[in-house]
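One-letter residues, chain by chain:
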Amino acid sequence: MTLKQILLAAALTAFAFSSPASAHDLWSTAEKPEAGQPLTAVIGYGHNFPEWENIPDDEIGLFKPVRVIGPEGDLTMKPGKTNYQAVSTEALAKGTYLVIADVQPVFWTKTPKGWSQKPRNEEPQATACGLYIENAKGLVNVGGDTATAVISKPVGLPLEIIPLANPAAVKPGQRLQMKVLFQGRPLAGAKVEARSAGFAKEALAGAQAFSDTTDHEGLVNFVPLADGDWIVTVRNVRPFPETEKCDTEDFGTSLFFTIPK
């Protein structure tokens, strides 16, 4: 790697860690799902994983409608009681479901007055700019199901994590292999990080319970050391193609699941 490449990588990393988008966690799951009952999907967005909170008014418009995929296909969803909820119109059958939260691509540009959602060329005093593309997937097992048909296939997100086994069949200390795809292809050398709900509450900000990189096939072996809720995250940052408009494209994704006792 040349000195220029090293400096660019350092600049991209420093900007990513200081931007509003990367400062928030984004995850998706369901609230106490039960067979025979509607599914209440929830979007987690904020600094307090795994606690849910209202999405800020100036950002809620960026979120696309929640999508839920089940054994029989997509569920029909309607708004819930809060702005981070969506409820299915039909009752759940036994099976494994995938809850998808997707955010419209948004510019975050740093200026002396704060952060703007305009590109660099529309902010004369801009000091840094990133285009953020964020999404999340949550695995929901209903009725003790451990099938993989729904969760083991890509759903077409720009960056996504695919578990090659159902986490509901994995216990603490066992291996759970995952594949990371970027634009439909395996992403080699991607940093994969994870933390459990209990770890997130007790650890220092930014600390992780697991960290590793994908191999040349985009694969990584995750080993959960505790039961409970987990969030796995991956970011992929690259230079923005139009340098006068913005500095970087920052793709982020997460996978939420529960490891049983």
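Our structure's up above, just so we're on the same page.
To start, this report covers the structure provided alongside it. (Residues numbered from 1 in each chain as written. Predicted model: local features only at pLDDT ≥ 70, side-chain atom pairs only at ≥ 80, totals over all residues. Heavy atoms only, no water.)

**Some thoughts on the overall build of the protein chain**
Then, in step 1: If you tally the helices and strands in the protein chain, you get 3 helices and 18 strands.
Then, in step 2: Considering the protein chain as a whole, with its 261 residues, one finds that 47% of them fall into the buried category.
Then, in step 3: Restricting the contact set of the protein chain to residue pairs at least 6 apart, pairs at least 24 apart contribute 63%.
Then, in step 4: With an accessible surface of roughly 13000 Å², the protein chain has 52% of that area assigned to carbon and sulfur atoms. (Helix = DSSP H or I, 4+ residues; strand = E, 2+ residues; numbered from the N terminus. Buried < 20%, exposed > 50% of the residue type's maximum accessible area, 1.4 Å probe, protein only. Contact = heavy atoms within 4.5 Å. Areas by Shrake-Rupley, 256 points an atom, 1.4 Å probe, with all protein chains shown as cover.)

**Some thoughts on the state of the cysteines**
Then, in step 1: Counting across every chain of the model gives 1 disulfide.
Then, in step 2: Here Cys129 pairs with Cys246 through a disulfide, and the sulfurs are 2.1 Å apart. The disulfide joining Cys129 to Cys246 has a torsion of about -100° about its S-S bond and is therefore left-handed. Remark: Cys246 occurs in the loop between strand 17 (228-239) and strand 18 (248-259) and Cys129 occurs in strand 10 (residues 128-142); sequence separation between them is 117 residues. Neither residue differs from the other here; Cys129 and Cys246 are each classed as buried. (Disulfide = S-S within 2.5 Å.)

**Some points on the pattern of salt bridges**
Then, in step 1: Evaluated as defined, the whole model comprises 9 salt bridges.
Then, in step 2: Among the salt bridges present, the one from Asp102 reaches Lys64, with a minimum N-O distance of 3.4 Å. With Asp102 in strand 7 (residues 95-102) and Lys64 in the loop between strand 2 (38-46) and strand 3 (67-70), the pair connects residues that are 38 residues apart, well separated along the chain.
Then, in step 3: Judged by relative accessible area, which is 31%, Lys64 ranks as partly exposed.
Then, in step 4: Through salt bridges that share partners, Glu134, Arg235 and Asp250 make up one connected network. (Salt bridge = Lys/Arg side-chain N within 4 Å of Asp/Glu carboxyl O.)

**Notes on the nonpolar core**
When a protein is soluble and globular, its nonpolar side chains tend to lie buried together.
Then, in step 1: Grouped together as the largest cluster of nonpolar side chains are 34 residues, with contacts concentrated most on Met178, Val180, Phe222, Val232 and Phe257.
Then, in step 2: Elements with a contribution of two residues or more to this core: strand 7, strand 10, strand 11 (159-163), strand 12 (176-182), strand 14 (191-196), strand 16 (219-222), strand 17 and strand 18.
Then, in step 3: With residues up to four places along the chain from it excluded, the contact list for Val232 reads Ile161, Met178, Val192, Glu193, Ala194, Thr253, Ser254, Leu255 and Phe257.
Then, in step 4: In terms of nonpolar packing, the next biggest core, distinct from the first, is built from 26 residues, Ala86, Tyr97, Ala101 and Val142 among them. (Core = buried A, V, L, I, M, F, W, Y, C linked by side-chain atoms within 4.5 Å.)

**Here we look at the sheet that holds strand 6 (residues 85-91)**
Sheet strands associate in pairs through backbone hydrogen bonding, adopting either a parallel or an antiparallel arrangement.
Then, in step 1: Taken in spatial order, the 4 strands make up an open sheet running 1-2-6-5, and their pairing is antiparallel. Each edge of the open sheet carries a strand with a single partner, namely strand 1 (25-30) and strand 5 (77-79). Pairwise comparison of adjacent strand axes, ignoring direction, gives a mean angle of 25° for this sheet.
Then, in step 2: Sheet analysis places strand 2 next to strand 6, joined by 4 bridges and oriented antiparallel. The partner of Pro38 across the bridge, within strand 6, is Ala91. (Pairing = 2+ DSSP bridges. Axes fitted to C-alpha atoms, helices over the stretch in contact; angles between N-to-C directions.)

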